[in-house]
Amino acid sequence: MAKKTGELLLKLRGLMKSHGQLSAYIVPSDDPHMSEYVSENFHRRAYVSGFTGSAGTAIVMLDKALLWTDGRYFLQAEKEMDENWTLMKAFMPGTPSEEDWLASNLTKASKVGIDPKTCSISRFKTLSKKLGGVGVELVPVVENLIDLVWEDAPPLPTASVFLHDIKFAGESTSSKLETVRAQIKGKQCDSIILSALDDIAWLYNLRGSDVNYNPVFYSFALVDQESSTLFVDEEKLSAEIKEYLNGQTKIAPYNDIYEAAKNIEGRVFLPLSTNAAISKAISVENQVVGMSPVQELKAIKNEVELKGMRDCHVRDGAALCEYLHWLGVEVHKPGVVIDEVDAADKAEFFRSQYDKFVSLSFDTISSSGANGAIITTNRKRALVFKWTKMISICVTQELNLMTEQQMSQEPSISVQQQTTKKAASPES
């Protein structure tokens, strides 16, 4: 059932008027780290629109509301949004981009608001340039307006950070810090601010569970030639982790990064994932924007990491074989009915029985019947279809388990689970 958003939009539009007479307010899917997947407290776009897919951008006007998302989510969005929303089918012929639509539908001197913490440096520049070209101003709104109307919003996750042992990482944090310092010096910069959560987890050999299926924790990092600072809620850090960081890294509150950015001396390297609020705290002449050197460093795996990935896939392959055998037997038993959720849960069960399992890399995509047209998962049991025969299971490629003749006679059924080393094993 679609979420009723009429009253919510009415409150939001009232805030738009009181926060600078905004004609439009943009609600991206992003958190302050430009993460692909975010924790529940950053599900602002889902809250305001009702659409729960992982990708999309909402734009609320004073008289209408629109949601852009890609082809994976068209069917889901149509089911989840009420009559107050218009679905904009992104990347389809005839569908303008968000900035093009705004530029064509707003009058000169209009104002468009966005929380700069939810927008990357490059995205903010693109929006500002496009809108400015038609006399429309992009306004950075420090207070997130969705937070002001979201009465029961979940708090920032507080799960404990844990150590990623050197036997899995293959390189110490001190060694990585020295390499990063050499990289930023080579870019003629004095320091670097890291925002991407996977960059920070890799650099400090730490892991967390703030985001489902991603072993990361909400934090920022500032590294210069003499020291490094990890901006993270201290309650997440055990005495062991504090001792581990002592001497090489200082600890500061998570949100202090914005004030710290104002006081940085010298040239600062800002990766592309840096949010616009951090960028705006630093003078333009003192910042260099580009690809994160940490992304480049962690893309080249050492021998320990390579072995960890291979071993992880051996274990996962064994679990998948057990699952395939179970499914092939169960669906042919008289009176046994397996639905999509049952199948996904069983696949996770088999994986969880193996040594070093931490979690899946994403929610298993298990679909049958009409749901086979939905590219992403839907775990709402009320909407699932029952399975009576098995045809295929997709991992990174589809493995055909029936003859061509059988496939032409049976309904299409598939399960997908991409196992990535970052979530399937502590060896990542």
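Just so you know, these numbers come straight off a predicted model, no measurement behind them. (Residues numbered from 1 in each chain as written. Predicted model: local features only at pLDDT ≥ 70, side-chain atom pairs only at ≥ 80, totals over all residues. Heavy atoms only, no water.)

**Let's talk about helix α4 (residues 98-105)**
Since the α-helix advances by 3.6 residues per turn, residues separated by three or four positions end up pointing in the same direction.
Then step 1. Every buried residue of α4 is listed here: Glu98, Glu99, Trp101, Leu102 and Ala103.
Then step 2. Contact partners of the buried residues in α4: β1 (24-27), β2 (57-61), β3 (65-69), β4 (85-89), β5 (111-114) and α5 (121-132). (Buried < 20%, exposed > 50% of the residue type's maximum accessible area, 1.4 Å probe, protein only. Helix = DSSP H or I, 4+ residues; strand = E, 2+ residues; numbered from the N terminus. Contact = heavy atoms within 4.5 Å.)

**A look at the pairing of β1**
Then step 1. Residues of β1 alternate between two faces, with Ala24 and Ile26 on one and Tyr25 and Val27 on the opposite face, all of them buried.
Then step 2. Relative to β5, β1 runs parallel, the two being bridged by 2 bridges. Of the residues in β5, the one forming a bridge with Tyr25 is Gly113. (Pairing = 2+ DSSP bridges.)

**Details of unusual backbone geometry**
Then step 1. Located in the positive-phi region is Gln21, a residue other than glycine, with phi close to 55°.
Then step 2. For Gln21, the position within the fold is in the loop between α1 (6-18) and β1.
Then step 3. A residue is classified by how much of its surface remains accessible, and Gln21, at 57% relative accessible area, is exposed.

**Some remarks on the confidence of the model for the protein chain**
Then step 1. Of all residues in the protein chain, 87% have pLDDT values of 70 or greater, and the mean over the chain is 88.
Then step 2. The low-confidence segment residues 389-425, where pLDDT is below 50, has 99 contacts with residues more than four positions distant or belonging to other chains. (pLDDT = per-residue confidence, 0-100.)

**With respect to the sheet that holds strand β6 (residues 137-140)**
Then step 1. Sheet architecture is open: 6 strands sit in the order β4-β3-β2-β1-β5-β6, paired in mixed fashion. Each edge of the open sheet carries a strand with a single partner, namely β4 and β6. On average, adjacent strands in this sheet sit at an angle of 25° to one another, irrespective of strand direction.
Then step 2. Relative to β3, β2 is paired through 4 bridges, and the arrangement is antiparallel. The residue bridging Val60 from the neighbouring strand is Ala65, located in β3.
Then step 3. Of the strands in this sheet, β1, β2, β3 and β4 touch α1, which is tilted by about 70° from β2.
Then step 4. Those strands touched by α5 are β1, β5 and β6, and its axis lies near 145° from that of β6. (Axes fitted to C-alpha atoms, helices over the stretch in contact; angles between N-to-C directions.)

**Some details on the packing of aromatic side chains**
Then step 1. On inspection of all chains with the given rule, the structure shows 8 aromatic pairs.
Then step 2. Ring geometry for Phe220 versus Tyr254: centroids 5.2 Å apart, planes at 25°, classification stacked. Note that Phe220 is positioned in strand β10 (residues 220-224) and Tyr254 in the loop between β12 (250-252) and α11 (257-262), a separation of 34 residues in sequence.
Then step 3. Among the residues examined, Tyr254 registers a relative accessible area of 5% and is labelled buried.
Then step 4. These aromatic residues form a ring-pair network of at least three members: Phe220, Tyr254 and Tyr258.
Then step 5. In this structure, Lys176 packs its charged tip against the face of Trp202, placed 4.2 Å from the ring centre. (Phe/Tyr/Trp six-rings, centres within 6.5 Å; stacked < 30°, edge-to-face > 60°. Lys NZ or Arg CZ within 6 Å of the ring centre and 35° of its normal.)

**Remarks on the packing of helix α8 (residues 173-186) against helix α9 (residues 197-204)**
Then step 1. At a minimum axis separation of 7 Å, α8 and α9 run at an interaxial angle of 120°. If you check the angle between α8 and α9, you find them oblique. For the pair formed by α8 and α9, the contact residues are Thr173, Lys176, Leu177 and Val180 on the first element and Trp202, Leu203 and Tyr204 on the second. (Parallel < 35°, antiparallel > 145°, perpendicular 65-115°, else oblique.)

**Details of the packing of α4 against α5**
Then step 1. Axis separation between α4 and α5 bottoms out at 9 Å; the angle between their running directions is 25°. Between α4 and α5, the interaxial angle falls into the category roughly parallel. Where α4 crosses over α5, the two elements pack in a sense that is right-handed. Taken together, the residues of α5 that come into contact with α4 (itself represented by Glu98, Glu99, Asp100, Leu102 and Ala103) are Arg123, Thr126, Leu127, Lys130 and Leu131.
Then step 2. Taken together, the residues of the contact of α4 with α5 break down into 4 nonpolar, 1 polar and 5 charged. (Left-handed = near helix turned anticlockwise from the far one by under 90°. Nonpolar A, V, L, I, M, F, W, Y, C, P; charged D, E, K, R; others polar.)

**Regarding the nonpolar core**
Then step 1. Leu12, Tyr25, Val48, Trp85, Leu145 and Ile146 are the most contacted members of the largest nonpolar core, which has 28 residues in total.
Then step 2. The element that contributes the greatest number of residues to this core is α1, accounting for 5 residues.
Then step 3. Once residues within four sequence positions are removed from consideration, Val48 is found in contact with Thr5, Leu8, Leu9, Leu12, Val27, Ala58, Trp85 and Ile146.
Then step 4. Ranked by size, the runner-up nonpolar core spans 23 residues in total, among them Phe42, Ile264, Ala277 and Ile278. (Core = buried A, V, L, I, M, F, W, Y, C linked by side-chain atoms within 4.5 Å.)

**What to know about the pattern of salt bridges**
Then step 1. Considering all chains together, one arrives at 20 salt bridges under this definition.
Then step 2. When the shortest N-O distance is used, the salt bridge between Glu98 and Arg123 registers 3.5 Å. Here the residue Glu98 occupies a position in helix α4, and Arg123 occupies one in helix α5, the gap between them amounting to 25 residues.
Then step 3. A salt bridge links Asp210 to Lys236; its shortest N-O distance comes to 2.4 Å. Residue Asp210 is located in the loop between β9 (206-207) and β10, and its partner Lys236 is located in the loop between β11 (228-231) and α10 (239-245); the two are separated by 26 residues in the primary sequence. For the pair shown, Asp210 and Lys236 are each scored as buried. (Salt bridge = Lys/Arg side-chain N within 4 Å of Asp/Glu carboxyl O.)

**Here's the deal with the sheet that holds β10**
Then step 1. Read across the sheet, 6 strands follow the order β12-β11-β10-β8-β13-β14 without closing on themselves; strand pairing throughout is mixed. If you trace the sheet from one side to the other, it starts and ends with β12 and β14 (287-290), each paired once. Neighbour to neighbour, the strand axes of the sheet diverge by 20° on average, direction disregarded.

**Digging into a nonpolar patch on the surface**
Then step 1. Taken together, the side chains of Leu272, Val289 and Met291 make up a nonpolar region of the molecular surface, amounting to roughly 260 Å² of accessible area.
Then step 2. Position of Leu272 relative to the elements: it lies in the loop between β13 (268-271) and α12 (276-280).
Then step 3. We classify Leu272 as partly exposed; its relative accessible area is 47%. (Patch = residues over 30% accessible without salt bridge, like charges linked within 9 Å, V, L, I, M, F, W, Y side chains within 5 Å. Areas by Shrake-Rupley, 256 points an atom, 1.4 Å probe, with all protein chains shown as cover.)

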